[in-house]
Amino acid sequence: MDHPAAAMTPARRGYWLSMAALAVILPATLAVSGWGAFVNWRAVNVREPTTAQVGQKVDYAGAQWTVTRLTRLAGGEGRAVVLAEFEAVIPDPEALANVPCQIGLSDGEGRTWQPVFLGDPVVRAMYPEAMQRALCGGPSFAEARGGEPVKMAASFAIPASASDLKLSVALLSALPAYLSVSEPQP
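Values in this document were obtained by computation on a predicted structure and should not be read as measured data.

K.L.:
Which residues make up the packing of aromatic side chains, and what are the values?
P.N.:
Across all of its chains, the model carries four aromatic pairs by this definition. Judged by centre distance (6.1 Å) and plane angle (80°), the ring pair of W65 and F141 falls under edge-to-face. With W65 in strand β3 (residues 63-76) and F141 in helix α5 (residues 139-142), this residue pair connects regions lying 76 residues apart in the sequence. Owing to a relative accessible area of 0%, F141 belongs among the buried residues under this scheme. An aromatic cluster is built from Y60, W65, F86 and F141, whose rings are joined through pairwise contacts.

Here you go:
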């Protein structure tokens with residue numbers, strides 16, 4: 001009696017080898033693409049704050065950060081303006097020169113705000129030097145000199161009723177970690 005494998009034609013053998021390879025390659029492909037999706041999901045949804053207070057120096061993303069001012073200003077018509085001034089001492093500016101930076105402000109209710117593009121007139125009138133500062137990232141880091149502070153600023157237009165404010169600074173290279181600074185309590 002002949003062995004069943006001996007009766008297999010080359011085409012049939014190729015078919016079964018292809019099926020065996022598919023049984024190995026398909027799960028491996030799903031695992032690799034699933035891992036990438038998991039990493040992306042984690043970077044967006046799982047955040048690990050590095051908390052600090054205004055004036056406190058803290059190490060984050062390869063630099064030493066200090067939020068020097070987080071001030072609420074009257075904005076009129078039921079709104080307020082928050083001015084955030086911060087600086088970073090970057091030992092190796094080239095390492096962060098092309099790293100995207102995201103700044104945001106949130107309150108105790110979970111609402112979030114992005115910086116106002118050109119700054120609020122209240123900020124321009126009361127703190128004109130702050131308007132000369134760039135936002136976080138890109139040009140600010142590219143022009144940095146190692147060991148010297150890079151001064152940055154952002155202003156936010158928020159409802160006057162917003163409370164328990166927190167400034168967040170997130171560098172893409174450091175996610176899921178981000179810098180979180182709470183508004184000083186009166």
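K.L.:
A description of the state of the cysteines should follow, citing residues and the corresponding values.
P.N.:
For the structure shown, the criterion picks out one disulfide. At a sulfur-sulfur separation of 1.9 Å, the disulfide partner of C101 is C136. Between C101 and C136, the S-S torsion sits near 90°, and that sign places the bridge as right-handed. With a gap of 35 residues between them, C101 in strand β5 (residues 101-106) and C136 in the loop between α4 (128-131) and α5 connect regions that are remote in the sequence. The pair formed by C101 and C136 is uniform in burial state, with each residue classed as buried.

K.L.:
Can you break down the nonpolar core residue by residue, with the values?
P.N.:
Among the nonpolar cores identified, the biggest contains 38 residues, and W65, C136, F156 and L171 are the most heavily contacted of them. Residue assignment for this core shows that the elements contributing at least two residues are β2 (57-60), β3, β4 (79-89), β5, β7 (149-159), β8 (166-171) and β9 (177-182). Counting eight residues, the second-largest nonpolar core is a separate cluster that includes L83, V123, A130 and A153.

Conventions used here
- Residues numbered from 1 in each chain as written.
- Predicted model: local features only at pLDDT ≥ 70, side-chain atom pairs only at ≥ 80, totals over all residues.
- Heavy atoms only, no water.
- Phe/Tyr/Trp six-rings, centres within 6.5 Å; stacked < 30°, edge-to-face > 60°.
- Helix = DSSP H or I, 4+ residues; strand = E, 2+ residues; numbered from the N terminus.
- Buried < 20%, exposed > 50% of the residue type's maximum accessible area, 1.4 Å probe, protein only.
- Disulfide = S-S within 2.5 Å.
- Core = buried A, V, L, I, M, F, W, Y, C linked by side-chain atoms within 4.5 Å.

No statement about biological role is implied by the geometric values presented.
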